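Fold and contact review
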Amino acid sequence: MTEKQILNPADGIAWMEGDFIPLSEAKIGVGDWGLVRSDATYDVVSVWDGAFFRLEDHLDRFAASMKALRMSVPQSRDDMRQILIDCVRRSGLRTSYVAMVCLRGTPVRPTRLPSACENKFIAYARPWVWVFPEPVIQRGAHLIIPKSIRIPPESVDPTVKNYHWGDMTYGLFEAEDAGADNALLADADGYICEGPGFNVFAILNDTVVTPNRGALEGITRRTVLELCEALNLPSEIRPISIEEFKQADEAFACTTAGGIMPIRRLDDRIYGNDAPGPVTLKIKSLFWDWHARPDLRLEVTYDD
């Protein structure tokens, strides 16, 4: 399919098997193990104000995830980068959520062995997605600790970005039932892990702390730790119990699709004055300022 046949490119552009197509037409077979077994990995990078933010870091993590899952595709890193750029360029989107996906695929011979599958690379750019709605980010989110506990890392490695969202999905239903904005999952030992699509931080005794377990090592999480260094704020990666997290002076979540997202309530705990805290807002402001750093952004050259 040629670019001219895509009537509404701003609705999203996908790349599959060598072709750029409307995102609405991007489909996989019902027998693909990425569907029937959730056997896939992916990564998501943002485009903000016409430029990718930390694209190379996302490509690094995507490559590491594929290696951990023993996946490989014929596309090189340079190929992937160019495909992602072309998806955005063809869409015309200057603010976009851009995904790279590797599916296990289907076996090339009759077997149930994953090593016999032909892995597939897919990419797409779509309009920006906010993990928390903008009004929630402005006022601060109300989260709950659900009964659903985080899948243990011995079962599914949380540092490999994946589609194993059963625990997250149950948590989201619990949050909705409770009238909360979202859920924050803990493990079976009562230690904070992460939420559906976001990492979390607590500010405890002037130190910015993030969990060391049950969580994706997010690119935005890494950025927050670098921001803390730039702001001369002490930071730590360590276990945080539910009780300790609730005693924090401030708390916030972070993700590619939303940036720094203040938390104002966790269960019945109200942080500060039921509003985003000053340290959180300082980190949030610098985070968006960093999107203009030439060393962290890759400009997209759009069609005229």
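This text goes with the structure placed above it.
Our subject in this report is the structure included herewith. (Residues numbered from 1 in each chain as written. Predicted model: local features only at pLDDT ≥ 70, side-chain atom pairs only at ≥ 80, totals over all residues. Heavy atoms only, no water.)

Description of the overall build of the chain
Looking only at helices and strands, the chain features 8 helices and 15 strands. What you see for the chain is a C-alpha radius of gyration of 20 Å, in line with the 19 Å of a compact globule of 304 residues. Principal axes of the C-alpha set define a box for the chain whose edges measure 55 × 50 × 35 Å. Buried residues in the chain amount to 53% of all 304 residues. Excluding contacts between residues fewer than 6 apart, the proportion of contacts in the chain whose partners are at least 24 apart in sequence is 70%. For the chain, the exposed surface amounts to about 14,400 Å²; the carbon and sulfur share of it is 50%. Of the charged side chains in the chain, 33 are positive and 44 negative; the average position of the first set lies 3 Å away from that of the second. (Helix = DSSP H or I, 4+ residues; strand = E, 2+ residues; numbered from the N terminus. Rg over C-alpha atoms; globule rule 2.2 N^0.38 Å. Buried < 20%, exposed > 50% of the residue type's maximum accessible area, 1.4 Å probe, protein only. Contact = heavy atoms within 4.5 Å. Areas by Shrake-Rupley, 256 points an atom, 1.4 Å probe, with all protein chains shown as cover. Lys, Arg positive; Asp, Glu negative; His and termini not counted. Charge placed at Lys NZ, Arg CZ, Asp CG, Glu CD.)

Describing the state of the cysteines
Applying the stated rule across the entire model yields 0 disulfides. In this structure Cys 87 is a free cysteine whose sulfur lies 16 Å from that of Cys 102, the closest cysteine sulfur available. Cys 87 sits in the buried class, given a relative accessible area of 0%. For the unlinked cysteine Cys 254, the closest cysteine sulfur is that of Cys 228, found at 10.0 Å. (Disulfide = S-S within 2.5 Å.)

Digging into the packing of helix α6 (residues 219–230) against helix α8 (residues 278–289)
For the pair α6 and α8, interaxial distance at closest approach is 10 Å and the crossing angle is 110°. As judged from the angle between their axes, α6 and α8 are roughly perpendicular. Of α8, the residues touching α6 (which contributes Thr 220, Thr 223, Val 224, Leu 227, Cys 228 and Ala 230) are Ile 283, Leu 286 and Phe 287. (Axes fitted to C-alpha atoms, helices over the stretch in contact; angles between N-to-C directions. Parallel < 35°, antiparallel > 145°, perpendicular 65-115°, else oblique.)

Focus: the pairing of strand β5 (residues 96–103)
Most of β5 is tucked away: 8 of the 8 residues are buried. Here β5 shows two buried faces, one formed by Ser 96, Val 98, Met 100 and Cys 102 and the other by Tyr 97, Ala 99, Val 101 and Leu 103. With 8 bridges joining them, strand β3 (residues 40–48) and β5 adopt antiparallel strand pairing. Note on β5: the bridge partner recorded for Ser 46 is Tyr 97. In the sheet, β5 pairs with strand β6 (residues 120–127) via 8 bridges, with the strands oriented antiparallel. Bridge assignment links Ala 99 to a residue of β6, and that residue is Tyr 124. (Pairing = 2+ DSSP bridges.)

Details of the pattern of salt bridges
For the structure on display, the rule yields 23 salt bridges. Among the ionic pairs, Arg 77 bridges to Asp 60, the shortest N-O distance being 2.8 Å. Taken together, the residues span a long stretch of sequence, with Arg 77 in helix α3 (residues 77–91) and Asp 60 in helix α2 (residues 55–68) at a distance of 17 residues. When its relative accessible area of 41% is taken as the criterion, Asp 60 is described as partly exposed. Arg 297 is the partner of Glu 299 in a salt bridge, and the nearest nitrogen-oxygen pair spans 2.7 Å. For Glu 299, a relative accessible area of 48% corresponds to the partly exposed category. Linked through salt bridges whose partners overlap, the residues forming this network are Glu 56, Asp 60, Arg 77, Asp 78 and Arg 81. (Salt bridge = Lys/Arg side-chain N within 4 Å of Asp/Glu carboxyl O.)

Notes on the nonpolar core
Judged by nonpolar contacts, the single largest core of 26 residues is most densely connected at Phe 52, Leu 84, Val 88, Val 98 and Phe 121. Only β1 (13–16), β3, α2, α3, β5 and β6 provide two or more residues apiece to this core. The biggest single contributor to this core is α3, with 6 residues. Setting aside its immediate chain neighbours within four residues, Val 98 contacts Asp 43, Val 44, Val 45, Val 47, Phe 52, Leu 84, Val 88, Tyr 124 and Ala 125. Ranked by size, the runner-up nonpolar core spans 24 residues in total, among them Ala 186, Ile 192, Ile 242 and Met 261. (Core = buried A, V, L, I, M, F, W, Y, C linked by side-chain atoms within 4.5 Å.)

What about unusual backbone geometry?
Phi angles above zero are rare outside glycine, and Arg 54 is one such case at about 60°. Position of Arg 54 relative to the elements: it lies in the loop between β4 (51–53) and α2.

Some details on the packing of aromatic side chains
Scanning the model with the defined rule gives 11 aromatic pairs in all. When the centroid spacing of 4.6 Å and the interplanar angle of 40° are considered together, the rings of Trp 48 and Trp 288 count as tilted. One end of the pair, Trp 48, is in strand β3; the other, Trp 288, is in helix α8, with 240 residues separating them in the sequence. The ring of Trp 33 is capped by Arg 37, whose NZ or CZ atom sits 3.7 Å from the centre of that ring. Geometry around Tyr 191 places Arg 213 over its ring, the cationic atom sitting 4.4 Å from the centre. (Phe/Tyr/Trp six-rings, centres within 6.5 Å; stacked < 30°, edge-to-face > 60°. Lys NZ or Arg CZ within 6 Å of the ring centre and 35° of its normal.)

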